[in-house]
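Summary of the model geometry
Spelled out, the chains give:
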Amino acid sequence: MKRIMVTGAVGQIGSELTLALRERYGGDRVVACGRKTRPSDALESSGPFEWADCTDPKRLSEVVTEYEIDTIYHLAAILSAVAEAKPQLAWDVNINGLYNVLEVAREHGCAVFTPSSIGAFGPTTPLDDTPQDTIQRPNTMYGVTKVAGELLCDYYFKRFGVDTRGVRFPGIISNVTLPGGGTTDYAVAIYYAAIEQGRYTCYLKQGTYLDMMYMPDAIKAAIDIMEADPDKLAHRNAFNVTAMSFAPEHIAAEIRKHIPDFEMDHEIDPVRQAIAETWPNKMDDSAARAEWGWEPSYDLTSMTEDMLKVLRSRR
Ligand code: SER
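A brief structural summary. (Residues numbered from 1 in each chain as written. Predicted model: local features only at pLDDT ≥ 70, side-chain atom pairs only at ≥ 80, totals over all residues. Heavy atoms only, no water.)

1. A look at the overall build of the protein chain
Under the convention used in this document: Secondary structure is summarised from DSSP: a helix means a run of H or I of at least four residues, a strand means a run of E of at least two, and numbering begins at the N terminus for each. For a compact globule the rule gives 2.2 Å times the number of residues to the power 0.38, and the radius of gyration it is set against comes from C-alpha atoms. Residue exposure (1.4 Å probe, protein chains only): buried if accessible area is under 20% of the type maximum, exposed if over 50%, otherwise partly exposed. We call two residues in contact when some of their heavy atoms are within 4.5 Å. Here, Shrake-Rupley sampling with a 1.4 Å probe gives the accessible areas, and only protein chains in the shown set may cover a residue. Asp and Glu count as negative and Lys and Arg as positive, but His and the ends of the chain are not part of the count. One atom stands in for each charge, and that atom is NZ of Lys, CZ of Arg, CG of Asp or CD of Glu.
Secondary structure summary: the protein chain contains 12 helices and 16 strands in total. Against the globule reference of 20 Å for 315 residues, the protein chain gives a C-alpha radius of gyration of 19 Å, in line with a compact fold. In terms of overall dimensions, the protein chain has a C-alpha envelope of 55 × 45 × 40 Å along the principal axes. By the burial criterion, 55% of the 315 residues in the protein chain qualify as buried. Counting contacts in the protein chain only where the partners sit at least 6 residues apart, residues at least 24 apart contribute 78% of the total. When the accessible surface of the protein chain is split by element, carbon and sulfur atoms take 49% of a total near 13200 Å². Averaging the locations of the 32 positively and 45 negatively charged side chains of the protein chain gives two centres separated by 2 Å.

Encoded structure:
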């Protein structure tokens, strides 16, 4: 039975994945780690919580030793838009933080899950049906750190036998914790705005297609890849995974099926628009499907129904 440490446990993915891991492996066996933000009541009451910054290797080692950790879900990271505003910070957290985690894993014999991203692709990558193995020359600091992270994880497996695994997540849509400064955040914000104001001003242009996924599928991917039979994994790290691909006007049209008066206009953010244009329109995730049985449950229609139902029930 696994004993897990989750970095970034208070973030968008961590706050839900930690609870799912506790449900599966037992509350006491999953240590949530945060750096600054106080954990929610649900996170605090369902298992141990520790303050640990991934840029502090000594602290990571203390937590791993104290709880006899054998698996690390390393979710702490700076997202794409913040990384463009603070590239030095992004390098420190996304690269040095990952290096510290991999070193601790090497010393203590832990497996490591690391999310890469659609941000690991760039302007010279084929944007449609983006292959698993293709050109990766991103021109953002986020992308640079994600490609380097993928390579570092491959290296730690090959050189030291660390059981590194991971996926390239698309934009993740969720309703518990807001994402913090990504390019795909509009696809979360639009649902909150639809419920609260009946309208939304989108910072991306019409026609900007991006891969997306609803949180329950992201959680499933993160758990399934770590439970996959290693003999079947030809890639191990950085599997393309996607559930849907759409542009802002498609999500707006889907919301209008439930809120007919919903209106969307656009005020383009040049930074995030430029980032989005270098990311795939739609990834090919057949390697994940073939090697560990990846299959998403939600599409745009079923996700929209669920998001609006959940957000309405909280009003
Ligand atoms: N959701 C992330 C971002 O927009 C992509 O990995 O930065």
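Text resumes after the structure shown.
2. Things to note about the sheet that holds strand 14 (residues 244-246)
Sheet strands associate in pairs through backbone hydrogen bonding, adopting either a parallel or an antiparallel arrangement. For clarity, the cut-off: The criterion for strand pairing is that DSSP finds at least two bridges linking the strands in question. The convention used is that axes are lines fitted to C-alpha atoms, helices contributing only their stretch in contact, and that angles between N-to-C directions extend from 0 to 180 degrees.
A sheet is described by the order of its strands in space; here three strands give the open sequence 10-12-14, paired in mixed fashion. If you trace the sheet from one side to the other, it starts and ends with strand 10 (171-173) and strand 14, each paired once. Neighbour to neighbour, the strand axes of the sheet diverge by 40° on average, direction disregarded. The sheet contact formed by strand 10 and strand 12 (residues 210-214) spans three bridges and is parallel. Across the sheet, Ile-173 pairs through a bridge with Tyr-214, a residue of strand 12. Seen against the sheet, helix 7 (residues 186-196) touches strand 10, strand 12 and strand 14 and runs at an angle of roughly 25° to strand 10.

3. Considering the site of the ligand
Under the convention used in this document: Throughout, the term near means that a residue has one or more heavy atoms lying within 4 Å of the molecule or strand in question. We define a polar contact as two N or O atoms separated by no more than 3.5 Å, with the added condition that, inside protein, one atom must be a possible hydrogen donor and the other a possible acceptor, whereas residues neighbouring each other in sequence contribute only through side-chain atom pairs.
As a matter of local geometry, the ligand sits amid Leu-79, Ser-80, Ser-117, Tyr-142, Gly-182, Thr-183, Thr-184 and Trp-279. Between the ligand and Ser-117 there is a distance of 2.5 Å, counted from an oxygen atom to a side-chain nitrogen or oxygen. Contact between the ligand and Tyr-142: an oxygen atom at 2.8 Å from a side-chain N or O atom of the residue.

4. Some details on unusual backbone geometry
Positive phi, normally seen in glycine, also occurs at Glu-68, with a value near 50°. Tracing the chain through its elements places Glu-68 in the loop between helix 3 (57-66) and strand 4 (71-74). Since its relative accessible area comes to 59%, Glu-68 is described here as exposed.

5. Description of the side chain of Arg-22
Quick note on the threshold: Salt bridge, as applied in this entry: a Lys or Arg side-chain nitrogen positioned within 4 Å of an Asp or Glu carboxyl oxygen.
Among the secondary structure elements, Arg-22 is positioned in helix 1 (residues 14-25). For Arg-22, which is buried and forms no salt bridge, the nearest opposite charge comes from Asp-28, at a distance of 7.5 Å. A polar side-chain atom of Arg-22 sits 3.0 Å from the main-chain carbonyl oxygen of Val-30. Within polar-contact distance, the side chain of Arg-22 engages the backbone oxygen of Pro-48 at 2.7 Å.

6. Thoughts on the nonpolar core
The nonpolar side chains of a soluble globular protein tend to be buried with one another. Rules: Each nonpolar core is a collection of buried residues, namely Ala, Val, Leu, Ile, Met, Phe, Trp, Tyr and Cys, held together in the definition by side-chain atoms within 4.5 Å.
With 79 residues, the main nonpolar core has Tyr-73, Phe-169, Ile-173, Tyr-186, Tyr-191, Phe-246 and Trp-292 as its most contacted residues. It is helix 7 that provides the largest number of residues to this core, a total of nine residues. Those residues within four positions of Phe-169 in sequence are excluded, and the remaining contacts are Ile-13, Phe-113, Pro-115, Ser-116, Ser-117, Ile-118, Met-213, Ala-218, Ala-221 and Val-241. Counting residues in each nonpolar core, the second largest holds 20 residues, with Ala-52, Ala-105, Tyr-156 and Val-162 among its members.

7. Brief notes about helix 6 (residues 141-160)
At 3.6 residues per turn, the α-helix brings residues three or four places apart onto the same side. The cut-off we apply is this: Here the expected length of a helix is defined as 1.5 Å per residue gap, with one fewer gap than residues.
Spanning 20 residues, helix 6 covers 27 Å between terminal C-alpha atoms, matching the ideal 28 Å at 1.5 Å per step. Listing the buried residues of helix 6 in full gives Tyr-142, Gly-143, Thr-145, Lys-146, Val-147, Gly-149, Glu-150, Cys-153 and Tyr-156. In the core, the buried residues of helix 6 are packed alongside helix 4 (80-85), helix 5 (87-108), strand 6 (116-117), strand 8 (164-165) and strand 9 (167-169). Looking one or two residues past helix 6, Gly-161 carries a phi angle of roughly 75°, positive in sign.

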